[in-house]
Amino acid sequence: GGGAVKTRKPDNTAFKQQRLPAWQPILTAGTVLPAFFIIGLIFIPIGIGIFVTSNNIREYEIDYTGIEPSSPCNKCLNVSWDSTPPCTCTINFTLEHSFESNVFMYYGLSNFYQNHRRYVKSRDDSQLNGDNSSLLNPSKECEPYRTNEDKPIAPCGAIANSMFNDTLELYHVENDTRTAITLIKKGIAWWTDKNVKFRNPTGDGNNLTALFQGTTKPVNWPKPVYMLDSEPDNNGFINEDFIVWMRTAALPTFRKLYRLIERKSNLQPTLQAGKYSLDITYNYPVHSFDGRKRMILSTISWMGGKNPFLGIAYITVGSICFFLGVVLLIIHHKYGNRNTSADIPN
Amino acid sequence: MSISKQCYEAWTELKTSSNSIKTSKYNFFTFLPLNLFEQFQRIANAYFLFLLILQLIPQISSLPWFTTVVPLVLVLAVSGVKDAIDDFVRFVSLVSVCVQADLLLLSSSEPHSLVYIETAELDGETNLKVKQALTVTAELGEDLQKLTDFNGEVKCEAPNNKLDNFTGTLALRGEKYALDNEKMLLRGCTIRNTEWCFGLVIYAGPDTKLMQNSGRTTFKRTSIDRLMNVLVLMIFAFLALMCLILAIGNGIWESDKGYNFQVYLPWAEDVTSAPLSAFLMFWSYVIILNTVVPISLYVSVEIIRLGNSFYIDWDRKMYYPLNDTPAQARTTTLNEELGQIKYIFSDKTGTLTQNIMCFNKCSINGKSYGDVYDQSGQRIEINENTEKVDFSYNQLADPKFAFYDHSLVEAVKLNDVPTHRFFRLLSLCHTVMPEEKKEGNLVYQAQSPDEGALVTAARNFGFVFRARTPETITVVEMGETKIYKLLAILDFNNVRKRMSVIVRSPEGDLTLYCKGADTILYELLHSSCESLKEETTEHLNEFAGEGLRTLVVAYKNLDEEYFQDWIKRHHEASTALEGREDKLSEIYEEIEKDLMLLGATAIEDKLQDGVPQTIETLAKASIKIWVLTGDKQETAMNIGYSCNLLYDDMADVFVIEGSTSEDVLNELRNARKKMKPDSFLDSDEINIQIEKSSKNPKLLPDEQANGVYGLVINGHSLAYALEGNLELELVRTACMCKVVICCRVTPLQKAQVVELVKKYKKAVTLAIGDGANDVSMIKTAHIGVGISGQEGMQAVLSSDFSFAQFRYLQRLLLVHGRWSYIRMCKFLKYFFYKNFAFTLVHFWYGFFSGFSAQTVYDQWFITLYNLAYTSLPVLGMSLFDQDVDDRWSLLFPQLYVPGQENLYFNKTVFIKCMLQGIYSSLILFFIPYGAMYNTMRSDGKAIADYQSFALMAQTCLLIVVSVQIGLDTSYWTVVNQFFIWGSLSVYFAITFTMYSDGMYLILPASFPFVGTARNTLSQPNVWLAIFLSIALCVLPVVGFRFLKALLRPTASDKVRRNFSNARPHRCKRLRRTSTRRSGYAFSHQHGFGALIMSGRNMRPKSPFATTGTFSPNSDKYKHKGL
C-alpha cells in the first residue's frame, strides 16, 4: 500500500506521541543550595539598605484626638458636625531634628473602617466622573445618602458624607512669634484621579453653582461641594482633599496626605529643629466610635515613607535563607551520598 | 446467508411490533429541560445555582452576579453538549447492531441436521461442538415456503443466564417434542463447517443468554472522584466553619464598633441588630469564600481526562498494524484509575492466547527437530526473518503452516522410515473432519485445535489426510493416494489421556497407532524402547521448558488373529448395556500395550505477542493477575505456565477442586495455613476485624504470604466458594497468592469473582477480555478493557478501553495510567492549593475590615482568576507532565506502586495542600499589610488605599501561584512555557487594560480601579513586597522537596536523578523451566470417535477424496459467523 491507503495509524507527531522536547529541571543539591545562598546574600544587603533608608527618614506624629484630659483638644472631643462656631485647639510640639527635604503633612485616622464593604461601595463613580444623569439620579449604592429632602445628594454616598474636614495649620514658633508655614494643598492626589476619575459636571459655562443646580449637599457637610475651595481647578468633585478622601483606605488605621511643605532654598532645611504649633479646627468627631486622629510630618526616600517592616523582614528572611542553606548543605553532605547510588531494585 | 436473513426478519418483526427497544434518553424537544434538570441534580451544579440565588439577594450579595454566572453557564453548556453527544452515540450504536438472538435450530445443510459451533465467545472453550435439530424440523430443509408455513408453538423457560441449560417444548401438529440445550444456537457462538442453517428466534436482544450474563451497566466513577466528593464535603464543612467564625466576628464587631460607627456608616435599611447582620454576613461570606471549590474544578478534571484519553487514542505504540487497530479510550472519565490497578482479571483465549496451535517441534526416533542453528552450531532465535521451509513440492500443503528446521523435510524426502511412520501416525490417528469444497482446498475441522495442528503438520510434510468415511481414511502419502481401512477408534477420555486407531493399510498390514500424554504412554511401551525413551524424555523436557505442549506417539503392529478376537470382544463391550464404559476401557487397555515408541510432538498454544514479558512486567509492578477462563483446568494451568504466570520456582500451586462446600473450605484453609500459619491465630488482626463486623463486610487489609504461591480453582468449586460463608475464606486465600487461575467459570462467575475482590479489597480492578463471555466482568471491574480487532465486538462495546493486543496493557497501565494518575494528582494538589491561597486571604482581611465580607481583590480578578489567569498553566501541567519518560516507566515497573497505594493524592496530601494554602494566604495577606502599614509612596502620597492594596495582594498571589506551578511542572514543554509566561503576561495586560482611562470612561461603575496599576506597580515598595512574598511562599516548599528527595527519595526521584541523561535499553530474555504438560489437556469431552465410526456426521462422498491428483490452493476459506 502507498500513502494513499488510509489507515487508522495515529500520526507520528511529537505532540501526539507525548515526545515534545522538554526541559526537565530537578531539585538537586547543585541548584537548591546555591539558590538558598544567593537569595540569602541578595536579601540581607537589600534589607540593610531598606532599613538604613527607612531609619534616615524623619517622621513626627501627634495624636490630637484629645482623649487625655490634659490635651488641649480635649474640649473638642465631643464636637458635632454642625457645631458653630467650630471648636479649635492648638498643640505645641518640638522637632528635635530638622527636616531637610520636602516635608509631607498627613492626617491619620485609626479605628476608622473605610474598608467596610458597605462603606466602600457607597459611592457613584459615574456621578463623580461628571455624568449629568448620575448627578441628578445617583446610584442605589449610595443609600441612605442618596437623596436628601427629595434632592439628589452630590457627591452621594457614605464615603463622601463622612469626608474628613478638620483644618490643620502649622506654625513655626521662634521667640514667641508664630510664623505660618506654607502648606500646599494641590498635588496631593493621584494624577489619574484628578484628571480622569473625578470630573465636574459639564454644561453651559464654568459656574459650578449652576452645574450642581438641583442637587443638595451631603448631610454632614456644612457647605456644598462647589464651595470646597475658592480656586476653580480645585473645587467641586476635583477638589484634591475630596479626592484623597474618596480613595478609601485598605485598613482601619490609615494616613492620607493633607498638605505639602516644599523646601524653599538649598541652604535651609524645610523644617528646622525647634518649636512648632499646630492649629486645629476640630470639626470631625471620632470619639463616639473610639477613633483617633493624628497629624504626621514626614520626609520620604526613594522607597517611600518610613517603614521598618520591609527592612527587618528582608534581613530576617535573608538570614534564614542563608542559615537554611548551611543546614541543607550539612544534611546533604551527611546523607547525600547514601541515596544517590542506583539502588533501585529491578 | 440465511442467518443474517433470519436476523433481518426478526429485526423487522421487532420493529413492527410494540416490542421496540427504547435506547435514547432525550429527543429534540425534551433535551433542554430534561438535561438541565439532570445537571442540577448533580450536587455541585445545584450548589452553584444556590450561590447564584444568594448573590441576587441585595443584602447578602458580596460579589456581583457575573462572578458565578459566567462559569456556571460555561460548565452547563459543556456538560450539556457532552451529554447530547453521548446519547446520540448510544442511539446510533444500538441501532446499528442487528438484533441478535438465541435460536432454536430447525434445519441445517449438514447430514442429520448437525451444526458445528465454536463457543469461545461464550465460554472461552475452543473446541468444536455439535448441535442437532429435531428430526421433525430437520425435514424443513432450506425450503423457504415450508419454513414460512412452519406453524408450531414453543413453550420455554423465562430468560435466564444459564448457558448450559435450556428446557422447553415444541408443539407441532398436535405432537409435543422436548427441547434442550442441544438444539439451541446461542447468541455469541460461531458456526463452523456448516453451509447454512435455519433457526427460530427464542430469546432476542437483552433476553438472550449472553446478555443475561453480561450484568448490569453501571456508571463507573474513579476512586479520585469519590475522594473528591468527600473532600468537597470536607471543604464545605471547613467553609461553613470559616463563615461561622466570620459571622460571629461580624456580630461582635457590629455590636461593639459598627454600632458606634453608624455616624459615618449607618446599618443597612432592614438590618436592625448585630445578630441579623451576622446572619446575613454568613451568607455573604459563603459567596466570597466559595472559590475554595470553584466550579472550574469539575470542568478542568473532565478536560484533563479527555486530553489524556486522546493520548491513548493517539499512541502509535498501542496501534496494531495487522488489523489496523489503534487503541481506543471509550470511556474518557477513568484515566487516572489506570495508574492505580492492583488486580487484573484476564480472560485466556483470545486475550493471552491467540487460539492458534502450531506444530512447533518434534522428536522422531531420538532426534529432535524444530530448532534452527547457524553455521557455528549456535541456536538462532526464530523470528519473521528466519527462512521458512519450502513446502511448494506438496500441492496440498497448507500455506499458513510454518516450519523452520530444514532437516526434517530432508528426512522425509530421504524416506527415513521412522519419520514416515511418525507422520503417517499423525495423519491417521485423530478424529478430525476434512472438508474439501474445492479440489485441493482442504480445511480441517478438529475437535481440539491441537489435533488440527498435528494433522496439518503431517499434511504439509507430505502425509495429507484427505477424506474419511466411517470405514476408511484416505491419505495422500508423498503424492500417492492410499486408503486405509479404519477398524477401530479407541477414543480419548480424561482418564485414558490417549487415543488410538487401528487401521489396515492398503498393503494389508494391521497397525495400532497411539498418541497420548507421556506419563500414560510411557507405562505402555515395549521394553525394547528404553534407550529411545531416555532420549525422547530429554527432548520432552526441553520442549516443556519452552512452554510447549507435548504428546508422545507410539505404534504397534498387530497380529491378525489376536485382532479378530479382540474386535469381537470390543463389539460385545461396546454394545453392552451395563458398565459399557468400564468394559470398553478395559478392552482398550488390553490392546494398548507393548507399544513401540516413535517420538513426541510439541505444540505451541500460540500466546499473543509479548504476553510473558507483559505479565512479568505487570507482576513487577505488584499487580496481581487472575486468569478467569471457561477452559478446563489443565489447559488453563498450561497457559499459566507458558505465559509465566505459574512457574516451578513457586513455593506451591494450590488446586481447589472440591465438590462439596466442606471440601472447598478445607482446601482453602489448608492453602492459607501453608501460606500464613499465623492467620489462624485469634490475635490476627483480620480475624479480630472479621469477628467484630461479622455482619457487614469491611475492607480487608492485604496479607503477606511466606512465599510466592499460585492458586487454581475449578468452576464448580468456585460456585461453593462464592457462597456467603466461604467468600471471605476465598478472598483471604486467593488474595495472598500471586496468581489465581479460575477455570471452567461461567461469565457470571467471572463477574462475581471481580465483585468479590471489589467488595473486600480496597483495590482498583481491571478486567480484560475479548469475548462476549467477558462482558460481565468487564462491566463489573473498575476498568474494563476489550481486545479489539477480533470477531466479536461485544467485549469492546462494553469496555472502557480497547486495543488489539494484550501486551499493550503494560503501556496502558505503566505509561498512560501512571502519567494520568500523576497528572491528576498534581492537578488536584495544585488546584486546591491555589484556591486556598486565593480564598483565605479574604478570611484574614475579614479581621481588618469589620467582618464585612469585603473582598481583598478586585471583582474582575476574582472572576478571571480561575478562568483565565491560572487555568492554562495547570492544564498544561496536567496534559504534558512526565516525571520520567515512557521508557523508564516500563523499565522500572515499581514506579507504578505509589499509584496503587494511592500515595500521590489522599486525605493526608489534601490536608498538606490545605495547610500550604493557609500558610501562603497568611503570607499573601500580611506581607502586603506590613509593607503598606502607615507608610507612603515614593512621591509622598498615601499608599495604603484599598485599590493599591488589592492590586498588590492579587499580583503577589498570581506570581506566587505561577512560581508554584513552575515548581510543580517537571516537564517544561514549549506549551508549558507559553502557558505559564502567557498567563502572567495576560494578567498584566488585562490588569493594565481594565485599569486604563478608556475602560473607566466607558463604564465608570464597572472599572473603578482606574490608574491603580500605573500608580501602584511603579512603587519599589510594592515590588519589594512581591519578592518577599515569593521567597516566603516558595522557599520552604523548595527546601522541603529537596530534603524529601534527599532523605526519603521515591523510586521516581532515583530514576530521575540517576538516569535522566542515560538512554534506557532492554536486554533481557525470558527463560522458563517447567514440568512437562500434555497436549491432551485441550480435549474437553469425549472424542468424536463414536460419531465418526457411526458415520452420522459423514456427508455423501466427497467428490475429490479418491483422486490422487493435487490442485493448486486458491481461495482462502472464510468462516461464517453468527
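Named according to an unreviewed UniProt entry, chain B is Phospholipid-transporting ATPase originating from Meleagris gallopavo. Chain B has a UniProt comment under Subcellular location (unreviewed entry) that states "Membrane". Note on chain B: under the UniProt heading Cofactor (unreviewed entry), the record states "Mg(2+)".

For chain A, an unreviewed UniProt entry supplies the name Cell cycle control protein and the organism Meleagris gallopavo. Listed in UniProt under the heading Sequence similarities (unreviewed entry), the comment for chain A reads: "Belongs to the CDC50/LEM3 family."

Caption draft 1: Representation of the overall build of chain A within the structure. Helix and strand counts for chain A come out as 9 helices and 11 strands. Against the compact-globule benchmark of 20 Å for 346 residues, chain A has a radius of gyration of 30 Å, which places it well outside the compact range. Projected onto the principal axes, the alpha-carbon positions of chain A cover approximately 95 × 65 × 40 Å. Within chain A, the fraction of its 346 residues that count as buried is 51%. Taking the contacts inside chain A whose residues are at least 6 apart along the sequence as the reference set, 79% of them involve residues at least 24 apart. Computed over 35 positive and 30 negative side-chain charges, the inter-centroid distance for chain A is 11 Å.

Caption draft 2: Structural context of the side chain of B:R496. Residues and elements named next belong to chain B. Of note, R496 is situated in the loop between β18 (480-490) and β19 (498-504). Owing to a relative accessible area of 4%, R496 belongs among the buried residues under this scheme. Here the side chain of R496 touches D491 through a polar contact of 2.8 Å, landing on its backbone oxygen. Ignoring sequence-local partners within four residues, the contact set of R496 consists of L490, D491, I520, Y588 and E592.

Caption draft 3: Just the sheet that holds strand β11 (residues 341-346) of chain B, in detail. All names here are of chain B. Reading across the sheet, the 9 strands line up as β10-β29-β28-β27-β11-β23-β26-β25-β24 and stay open at both edges, with mixed pairing between neighbours. Edge positions in the open sheet fall to β10 (328-329) and β24 (652-656), since each of these has one partner strand only. In terms of strand pairing, strand β23 (residues 624-628) meets strand β26 (residues 739-743) through 4 bridges, oriented parallel. Residue pairing in the sheet places W626 in a bridge with V740 of β26. Against the sheet, helix α24 (residues 724-736) touches β11, β23, β25 (709-714) and β26, its axis set at about 120 degrees to β23.

Caption draft 4: Inspection of the nonpolar core at higher detail. One finds A:F112, A:W245, A:Y282, A:L297 and B:L828 to be the most contacted residues of the largest nonpolar core, which totals 212 residues. Filtering out sequence-adjacent residues up to four positions away, B:L828 remains in contact with B:I224, B:M228, B:L297, B:V301 and B:F905. Judged by nonpolar contacts, the second largest core, of 52 residues, contains B:F423, B:A453, B:F465 and B:L486.

Caption draft 5: Spotlight on a nonpolar patch on the surface. Residues and elements named next belong to chain A. On the surface, L41, F322, V326 and I330 cluster together into a nonpolar patch covering about 340 Å² of accessible area. Counting residues per element, the nonpolar patch draws most heavily on helix α9 (residues 308-340), at 3 residues. Its location among the elements puts I330 in helix α9. The exposed category is assigned to I330, whose relative accessible area is 51%.

Caption draft 6: Seen up close, the UniProt feature "active site" (unreviewed entry) in chain B. Residues and elements named next belong to chain B. Residues given the UniProt feature "active site" (unreviewed entry) here are D347. Within the fold, D347 resides in the loop between β11 and β12 (353-364). Under the relative-accessibility criterion, D347 is labelled buried at 1%. A distance of 3.3 Å separates a polar atom in the side chain of D347 from a polar atom in the side chain of T351.

Caption draft 7: Local environment of the sheet that holds strand β16 (residues 463-468) of chain B. Residues and elements named next belong to chain B. One open sheet holds the 9 strands; their spatial order is β13-β12-β22-β21-β20-β19-β18-β17-β16, and the pairing between them is antiparallel. Each edge of the sheet is formed by a strand with only one pairing partner; in this case those strands are β13 (367-369) and β16. Ignoring which end each strand starts from, the neighbouring axes of this sheet average 30 degrees apart. Where helix α14 (residues 449-460) meets the sheet, it contacts β12, β16, β19, β20 (510-516), β21 (549-557) and β22 (596-607), and its direction lies at approximately 50 degrees from that of β12.

Caption draft 8: The arrangement of a positive patch on the surface in detail. On the surface, B:R221, B:R226, B:K762 and B:K907 cluster together into a patch of positive charge. The residue B:R221 is located in the loop between α8 (209-213) and α9 (223-258) in this model.

Caption draft 9: Layout of the interface of chain B and chain A. Each partner contributes to the interface: chain B provides 110 residues, whereas chain A provides 103 residues. Between chain B and chain A, roughly 9000 Å² of surface is buried when both sides are summed, and carbon and sulfur atoms account for 62% of that area. Among the residues of chain B in contact with chain A, B:Y264, B:R316 and B:F1042 are the three that bury the most area, contributing 10% of the side total. Linking chain B to chain A there are 2 salt bridges. In this assembly, chain B and chain A are joined by 34 residue pairs in polar contact (both at pLDDT 80 or more). For the side of chain B that touches chain A, the element with the most residues is helix α38 (residues 1020-1047) of chain B, which contributes 16 residues. Its residues placed into classes, the side of chain B that touches chain A shows 59 nonpolar, 32 polar and 19 charged. In this structure, strand β1 (residues 22-23) of chain A lies alongside strand β30 (residues 972-973) of chain B, joined through 2 bridges in antiparallel fashion.

Caption draft 10: Layout of the packing of aromatic side chains. Evaluation of the coordinates by the stated rule reveals 92 aromatic pairs over all chains. The interplanar angle of 70 degrees and the centroid separation of 5.2 Å between the aromatic rings of A:F37 and A:F322 together place this pair among those described as edge-to-face. Note that A:F37 is positioned in helix α1 (residues 29-56) and A:F322 in helix α9, a separation of 285 residues in sequence. The partly exposed category is assigned to A:F322, whose relative accessible area is 33%. Considering the side-chain rings of B:Y830 and B:Y833, the 6.4 Å spacing of their centres and the 45 degrees angle between planes classify their relative orientation as tilted. Remark: B:Y833 and B:Y830 occur in helix α28 (residues 808-846); sequence separation between them is 3 residues, near one turn of the helix. The positively charged end of A:K293 is found above the aromatic ring belonging to A:Y282, 3.4 Å away from the centroid. Positioned above the aromatic ring of B:F680, the side-chain terminus of B:R672 is 4.2 Å from the ring centre.

Procedures and definitions
- Residues numbered from 1 in each chain as written.
- Chains lettered and ligands numbered in written order.
- Predicted model: local features only at pLDDT ≥ 70, side-chain atom pairs only at ≥ 80, totals over all residues.
- Heavy atoms only, no water.
- UniProt positions renumbered as here; feature names shortened; annotations may be inferred.
- Helix = DSSP H or I, 4+ residues; strand = E, 2+ residues; numbered from the N terminus.
- Rg over C-alpha atoms; globule rule 2.2 N^0.38 Å.
- Buried < 20%, exposed > 50% of the residue type's maximum accessible area, 1.4 Å probe, protein only.
- Contact = heavy atoms within 4.5 Å.
- Lys, Arg positive; Asp, Glu negative; His and termini not counted.
- Charge placed at Lys NZ, Arg CZ, Asp CG, Glu CD.
- Polar contact = N/O pair within 3.5 Å; in protein donor to acceptor, adjacent residues only side chain to side chain.
- Pairing = 2+ DSSP bridges.
- Axes fitted to C-alpha atoms, helices over the stretch in contact; angles between N-to-C directions.
- Core = buried A, V, L, I, M, F, W, Y, C linked by side-chain atoms within 4.5 Å.
- Patch = residues over 30% accessible without salt bridge, like charges linked within 9 Å, V, L, I, M, F, W, Y side chains within 5 Å.
- Areas by Shrake-Rupley, 256 points an atom, 1.4 Å probe, with all protein chains shown as cover.
- Salt bridge = Lys/Arg side-chain N within 4 Å of Asp/Glu carboxyl O.
- Buried area = accessible area lost by both parts, 1.4 Å probe.
- Nonpolar A, V, L, I, M, F, W, Y, C, P; charged D, E, K, R; others polar.
- Phe/Tyr/Trp six-rings, centres within 6.5 Å; stacked < 30°, edge-to-face > 60°.
- Lys NZ or Arg CZ within 6 Å of the ring centre and 35° of its normal.

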